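# Close look at the chain arrangement
Chain by chain, the residues run as shown.
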Amino acid sequence: VHWLAWCLEELFRFKSACLRKCFVVDDRSEPDQARKVKEIVALYPQIELITIEGQEGGFGYACNFAAAKCSADNILFLNTDCLLTEGVIDRLSEVFNIDSQI
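Everything in this summary refers to the structure shown in the same document. Predicted, not measured: the structure shown is a model, and the values here were computed from it. (Residues numbered from 1 in each chain as written. Predicted model: local features only at pLDDT ≥ 70, side-chain atom pairs only at ≥ 80, totals over all residues. Heavy atoms only, no water.)

## Some remarks on the overall build of the protein
In terms of regular secondary structure, the protein is built from 4 helices and 2 strands. Order of helices (α) and strands (β) in the protein, N terminus to C terminus: α-β-α-β-α-α. Relative to the 2.2 N^0.38 estimate, which gives 13 Å for 102 residues, the radius of gyration of the protein is 14 Å and therefore close to what a compact globule would have. In terms of overall dimensions, the protein has C-alpha extents of about 45 × 30 × 20 Å along its principal axes. Looking at the protein as a whole, 25% of its 102 residues are labelled buried. Taking the intrachain contacts of the protein between residues at least 6 apart in sequence as the baseline, contacts between residues at least 24 apart amount to 67%. For the protein, the exposed area adds up to about 7300 Å²; of that, 51% sits on carbon and sulfur atoms. In the protein, which carries 10 positive and 16 negative side-chain charges, the distance between the mean positions of the two groups comes to 5 Å. (Helix = DSSP H or I, 4+ residues; strand = E, 2+ residues; numbered from the N terminus. Rg over C-alpha atoms; globule rule 2.2 N^0.38 Å. Buried < 20%, exposed > 50% of the residue type's maximum accessible area, 1.4 Å probe, protein only. Contact = heavy atoms within 4.5 Å. Areas by Shrake-Rupley, 256 points an atom, 1.4 Å probe, with all protein chains shown as cover. Lys, Arg positive; Asp, Glu negative; His and termini not counted. Charge placed at Lys NZ, Arg CZ, Asp CG, Glu CD.)

Okay, here's the thing in structure tokens:
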């Protein structure tokens, strides 16, 4: 949960024109952690919390689960321990404008 709070703080501290929607996927957290995740997500109105229940899980499953709910042309997947620097999302997005095959 600590890493999630830090990752989101960095994500929204550096404003990006490319960032329009953010999903946080709770991949079967323990009740304590799930409550904390909800508290953290509530701080950011642009985030939609998705909760996975059942037997399926893992980072790859969570990414695919969220991607199925997304209609964006480009998607950036971050694990909770990813920390961003200023402008990194915009620089990553610029690559898609350089080559339409990407």
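## A word on the environment of Leu84
Inspection of the secondary structure assignment puts Leu84 in the loop between helix H3 (59–67) and helix H4 (88–98). In this structure, the C-alpha to C-alpha distance between Leu84 and Glu10, residues 74 residues apart in sequence, is 5.9 Å. Setting aside residues up to four positions removed in sequence, Leu84 forms contacts with Glu10, Leu11, Phe14, Leu78 and Ile89.

## Re the nonpolar core
Leu4, Leu8, Leu11, Phe12, Cys22, Val24 and Ile47 are the most contacted members of the largest nonpolar core, which totals 13 residues. Contributing elements (two or more residues each) for this core: helix H1 (2–13), strand S1 (22–27) and helix H2 (31–41). Other than its neighbours up to four places away in sequence, Leu4 contacts Val24, Val37, Ile40 and Thr80. (Core = buried A, V, L, I, M, F, W, Y, C linked by side-chain atoms within 4.5 Å.)

## Comments concerning unusual backbone geometry
Located in the positive-phi region is Arg28, a residue other than glycine, with phi close to 60°. Along the chain, the position of Arg28 falls in the loop between S1 and H2. Residue classification places Arg28 among the partly exposed positions, given a relative accessible area of 38%.

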